[in-house]
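Chain by chain, the residues run as shown.
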Amino acid sequence: MQIQCSGKTKTGERCKAWAVAGSQFCISHDPAKVVELAEFRRQGGKGKSNKARARKALPGELMSMAEVQAHLGKALRGVLAGEIEPGVGTAVANIARAMRDVGAAAELEEQLLDMRRQIADLSERRPA
Ligand SMILES: [Zn+2]
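Residues numbered from 1 in each chain as written. Predicted model: local features only at pLDDT ≥ 70, side-chain atom pairs only at ≥ 80, totals over all residues. Heavy atoms only, no water.

Undergrad: Could you give me a rundown of the overall build of the protein, with the residues and numbers involved?
TA: When you go through the protein residue by residue, the secondary structure sums to four helices and zero strands. Ordered by position from the N terminus, the helices and strands of the protein form the series α-α-α-α. Here the protein holds 128 residues, and the buried ones make up 21% of them. A separation threshold of at least 6 residues defines the contact pool for the protein, and within that pool the share at least 24 residues apart is 41%. When the accessible surface of the protein is split by element, carbon and sulfur atoms take 61% of a total near 9400 Å². (Helix = DSSP H or I, 4+ residues; strand = E, 2+ residues; numbered from the N terminus. Buried < 20%, exposed > 50% of the residue type's maximum accessible area, 1.4 Å probe, protein only. Contact = heavy atoms within 4.5 Å. Areas by Shrake-Rupley, 256 points an atom, 1.4 Å probe, with all protein chains shown as cover.)

Okay, here's the thing in structure tokens:
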């Protein structure tokens, strides 16, 4: 059953948005989410802030998929020419696969955060 949010709008009126399932509040007013959402809004105009933060947190540079592909090609040529141990080639391939998977997960996370930000903005714009 959907219930009305127990939060109050900036004008002091009761929020008219639906509460999130299992909560008394909508996504904008849930006390557990308020800090998180404030953080989302601060980051609003900064675009891919998560990626920027990830880059800052890492000592080295993040590798683009094109760079990974280039290293894979190099490893493949090395293995074929007998200059690189096949085991090293396998390790390179495994690491590249892991990087692709982590990259895809990070992209999904980014999209999810964007959607939550948009939902929060939309629910805030509901007429009070
Ligand atoms: Zn609300």
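Undergrad: So what's going on with a nonpolar patch on the surface? Which residues, and what values?
TA: Together, M63, M65, I95 and M99 make up a nonpolar patch on the protein surface, roughly 350 Å² of accessible area in all. In this fold, M99 is placed in helix α4 (residues 86-125). Since its relative accessible area comes to 30%, M99 is described here as partly exposed. (Patch = residues over 30% accessible without salt bridge, like charges linked within 9 Å, V, L, I, M, F, W, Y side chains within 5 Å. Salt bridge = Lys/Arg side-chain N within 4 Å of Asp/Glu carboxyl O.)

Undergrad: Mind laying out α4, listing which residues take part and the relevant values?
TA: The end-to-end C-alpha distance of α4, which contains 40 residues, comes to 59 Å, matching closely the 58 Å that a straight helix rising 1.5 Å per residue would cover. Taken together, the buried positions of α4 are occupied by G89, A96, E110, L113, R116, R117, A120 and S123. (Expected span 1.5 Å × (residues − 1).)

Undergrad: If you had to explain the coordination of the zinc ion to someone new, which residues and values would you point to?
TA: Within the first shell, the zinc ion binds the protein through C5 (SG), C15 (SG), C26 (SG) and H29 (ND1), at distances of 2.0 to 2.3 Å. All donors of the zinc ion belong to a single chain; written as a sequence motif, their spacing is C-x9-C-x10-C-x2-H. With a gap of 11 residues between them, C15 in the segment before α1 (31-43) and C26 in the segment before α1 connect regions that are remote in the sequence. When its relative accessible area of 4% is taken as the criterion, C15 is described as buried. (Donors = N, O, S within 2.8 Å, 3.2 Å for Na, K, Ca; no water.)

Undergrad: I'd love a proper account of the packing of helix α3 (residues 65-80) against α4, names of residues and values included.
TA: Contact geometry of α3 with α4 gives a least axis separation of 9 Å together with a crossing angle of 165°. Regarding the angle of α3 to α4, the classification is roughly antiparallel. Along this stretch, α3 crosses α4, giving a crossing that reads as left-handed. Across the interface between the two elements, M65, V68, L72, A75 and V79 from α3 touch P86, G89, V92, A93, A96, M99 and R100 from α4. The residue makeup of the contact of α3 with α4, split by class, is 10 nonpolar, one polar and one charged. (Axes fitted to C-alpha atoms, helices over the stretch in contact; angles between N-to-C directions. Parallel < 35°, antiparallel > 145°, perpendicular 65-115°, else oblique. Left-handed = near helix turned anticlockwise from the far one by under 90°. Nonpolar A, V, L, I, M, F, W, Y, C, P; charged D, E, K, R; others polar.)

Undergrad: Summarise the environment of S23; cite the residues concerned and give the values.
TA: Tracing the sequence through the fold places S23 in the segment before α1. Here S23 falls in the buried class, since its relative accessible area comes to 17%. If sequence neighbours within four positions are ignored, S23 has contacts with I3 and D30.

Undergrad: So what's going on with the pattern of salt bridges? Residues and values would help.
TA: All chains considered together, the criterion is met by two salt bridges. Notably, a salt bridge pairs R100 with D101, separated by 3.1 Å at the nearest N-O pair. By relative accessible area, which is 45% here, R100 ends up partly exposed. As a salt-bridge pair, R117 and D114 come within 2.8 Å of each other at their nearest N and O atoms. Here the residue R117 and the residue D114 both occupy positions in helix α4, the gap between them amounting to three residues, near one helical turn. The partly exposed category is assigned to D114, whose relative accessible area is 28%.

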